[in-house]
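A look at the structure
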Amino acid sequence: MPLVSAKIILDDANKNGYAVGAFNVNNMEFLQAVFSAASFEKSPIIIAASEGAIKYAGPEMLHSMVKTLSDSYPEIPAALHLDHGSNLNAVMTAVKAGFTSVMIDASHFPYEENLKITKQAVSLCHPLGISVEAELGRLQGVEEHVSVAERDAVLVNPDEAKDFVASSGIDFLAPAIGTSHGAFKFKGEAKLDFERLKKVKELTGIPLVLHGASSVPEAASKKFEEFGGDLKGAKGVPFDVLKEAIKFGINKVNTDTDLRISFLARVRESIAKDKSQIDPRKIFGPARDYVIEVIRERMRVLGSSGKI
Ligand code: G3H
Ligand code: 13P
Ligand code: ZN
């Protein structure tokens, strides 16, 4: 199947109340793992490449690997998405390479500037059938005891979200509701602002995106530490919290950290257990298999399993 825009995938998820994983990749093994998991689970997928991933692997290299895999798995609806594009040049690079979806992330600018840049990305992408994501608010954890004013300063403002979606014409929105990137998301209990999320969904109706959505799975983290790693204090978004978020309108669940931890946990294990191994395939192969299992479990939690 040719690569599709993420809008096609996410509109179905929005209509039917489930979420699709956007899995960050930088190299061949992770890409193979995502397609393989999707094939086992019969799930649509969004392949996410950050500017860092594009710099590491090259935009054409990433696109051609994704295209090759997509041709080998014609039954899987797959989108290739630029994650956190920081400016229009990054968007242009992705568009030229054949990406089918982009995120323009101008959320660190004041509202009007964010809107202006986002509109420019929409004008560039929509005529080409490429979907556009934007973000409102800042991605950071918010402690339970902080004041309403402090929460308002960091998290998405639902009225602004309504205006932003109507004025920009974006296809899906990432509202900040208390998650953050990486393995250390919460000091105490994992709490997200679901009231805010519900309001944003009511006022916009479009697919919503949860960034910083990794769960930091216990088995992989334990393995990581058992073989010499240090993840002290790591905490992700538990599966039941993810399911709640999906119930209230999240349709795209961004996942990078879980893949990184699981791949490297298995790499650590192989290296520790076979100190004379010099064949990288003997190290990366089992790590790739482990990532497949982690992605499959996630697809079942998100409800995208069995959707194709
Ligand atoms: O949103 C951030 C993703 O985890 C990508 O991270 O910029 O290190 O590739 P990166
Ligand atoms: P995690 O760090 O929780 O995997 O989030 C990834 C992400 O939001 C990519 O855009
Ligand atoms: Zn993100």
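Above this text you will find the structure in question.
**A short note on the overall build of the protein**
For the protein, the count of helices and strands is 13 helices and eight strands. For the protein, whose C-alpha radius of gyration is 19 Å, the value lies close to the compact-globule estimate of 19 Å for 308 residues. A principal-axis box enclosing the C-alpha atoms of the protein has dimensions of 60 × 45 × 35 Å. Residues counted as buried form 56% of the 308 residues belonging to the protein. Counted over contacts in the protein with a minimum sequence separation of 6, partners at least 24 positions apart contribute 78%. Accessible surface for the protein amounts to roughly 13,400 Å². Of this, 54% is attributable to carbon and sulfur atoms. Across the protein, the centroid of the 37 positively charged side chains sits 3 Å from that of the 40 negatively charged ones.

**Things to note about the site of ligand 1**
Taken together, Asn24, Ser50, Asp83, His84, His181, Asp256 and Arg260 form the complete shell of residues around ligand 1. A distance of 3.1 Å separates an oxygen atom of ligand 1 from a polar side-chain atom of His181. In the environment of ligand 1, an oxygen atom lies 3.1 Å from a nitrogen or oxygen atom belonging to the side chain of Arg260. When the free accessible area of ligand 1 is taken as 310 Å², the share hidden by the protein chains comes to 66%. Within the shell around ligand 1, the residues separate by chemical class into no nonpolar, four polar and three charged.

**Quick look at empty space enclosed by the protein**
Enumeration according to the criterion identifies one cavity of 30 Å³ or more in this entry. One number sums up the size of the largest cavity: a volume of about 30 Å³. Lining the largest cavity are Ser215, Pro217, Phe239, Asp258, Val294, Glu297 and Arg298. Residue contributions to the lining of the largest cavity peak at three residues, all from helix H13 (residues 280-302). Of the residues contributing to the lining of the largest cavity, the split by class is three nonpolar, one polar and three charged.

**What about the site of ligand 2?**
Inspection of the region around ligand 2 gives 14 residues, with Asp83, Lys185, Ser214, Asp256 and Thr257 positioned closest. Side-chain polar atom of Asp83 to an oxygen atom of ligand 2: 2.6 Å apart, as the coordinates give it. The contact in question runs from an oxygen atom of ligand 2 to an N or O atom on the side chain of Ser214, over 2.6 Å. When ligand 2 sits alone it has 310 Å² of accessible area, and the protein chains cover 96% of it. The set of elements that each furnish at least two residues to the shell around ligand 2 consists of strand S3 (78-85) and strand S8 (250-255). Across the shell around ligand 2, the residue classes break down as one nonpolar, 10 polar and three charged.

**As for the packing of helix H12 (residues 257-273) against H13**
Between H12 and H13, the shortest axis-to-axis distance is 8 Å and the interhelical angle comes to 145 degrees. For H12 against H13, the interelement crossing comes out right-handed. Residue-level inspection shows Asp258, Leu259, Ser262, Phe263, Arg266, Val267, Ser270 and Ile271 of H12 in contact with H13, the latter providing Lys282, Ile283, Phe284, Pro286, Ala287, Arg288, Tyr290, Val291, Val294, Ile295 and Arg298. Looking at side-chain class alone, the contact of H12 with H13 contains 12 nonpolar, two polar and five charged residues.

**Considerations on the coordination of the zinc ion (ligand 3)**
Only His84 (NE2), His181 (NE2) and His211 (ND1) from the protein reach the zinc ion (ligand 3) as donors, at distances of 2.1 Å. Positions of the donor residues of the zinc ion (ligand 3), expressed as sequence spacing, correspond to H-x96-H-x29-H. Here the residue His84 occupies a position in strand S3, and His181 occupies one in the loop between strand S6 (172-175) and helix H9 (194-204), the gap between them amounting to 97 residues. Residue His84 is classed as buried on the basis of its relative accessible area of 18%.

**So, the environment of Phe99**
When you line up the elements, Phe99 lands in the loop between helix H5 (88-97) and strand S4 (101-104). Sequence spacing of Phe99 and Asn114 is 15 residues, and the spatial spacing of their C-alpha atoms is 22 Å. Apart from the residues lying within four places of it in its own chain, the contact partners of Phe99 are Ala49, Ile54, Pro59, His63, Leu80, His81, Leu82, Ala94 and Ile130.

**Some points on the environment of His63**
Within the secondary structure layout, His63 lies in helix H4 (residues 59-72). Judged by its relative accessible area of 18%, His63 falls in the buried class. Beyond its immediate stretch of four places on either side in the chain, His63 contacts Leu3, Leu80, Ala97, Gly98 and Phe99. A distance of 3.2 Å separates a polar side-chain atom of His63 from the backbone oxygen of Ala97.

Definitions and cut-offs
Residues numbered from 1 in each chain as written. Chains lettered and ligands numbered in written order. Predicted model: local features only at pLDDT ≥ 70, side-chain atom pairs only at ≥ 80, totals over all residues. Heavy atoms only, no water. Helix = DSSP H or I, 4+ residues; strand = E, 2+ residues; numbered from the N terminus. Rg over C-alpha atoms; globule rule 2.2 N^0.38 Å. Buried < 20%, exposed > 50% of the residue type's maximum accessible area, 1.4 Å probe, protein only. Contact = heavy atoms within 4.5 Å. Areas by Shrake-Rupley, 256 points an atom, 1.4 Å probe, with all protein chains shown as cover. Lys, Arg positive; Asp, Glu negative; His and termini not counted. Charge placed at Lys NZ, Arg CZ, Asp CG, Glu CD. Near = heavy atom within 4 Å. Polar contact = N/O pair within 3.5 Å; in protein donor to acceptor, adjacent residues only side chain to side chain. Nonpolar A, V, L, I, M, F, W, Y, C, P; charged D, E, K, R; others polar. 1 Å grid on protein atoms, 1.4 Å probe; cavity = no way out; pocket = protein on both sides within 12 Å on 5 of 7 lines; lining within 4 Å. Points joined across faces, edges and corners; volume = space filled by probe spheres on them. Axes fitted to C-alpha atoms, helices over the stretch in contact; angles between N-to-C directions. Left-handed = near helix turned anticlockwise from the far one by under 90°. Donors = N, O, S within 2.8 Å, 3.2 Å for Na, K, Ca; no water.

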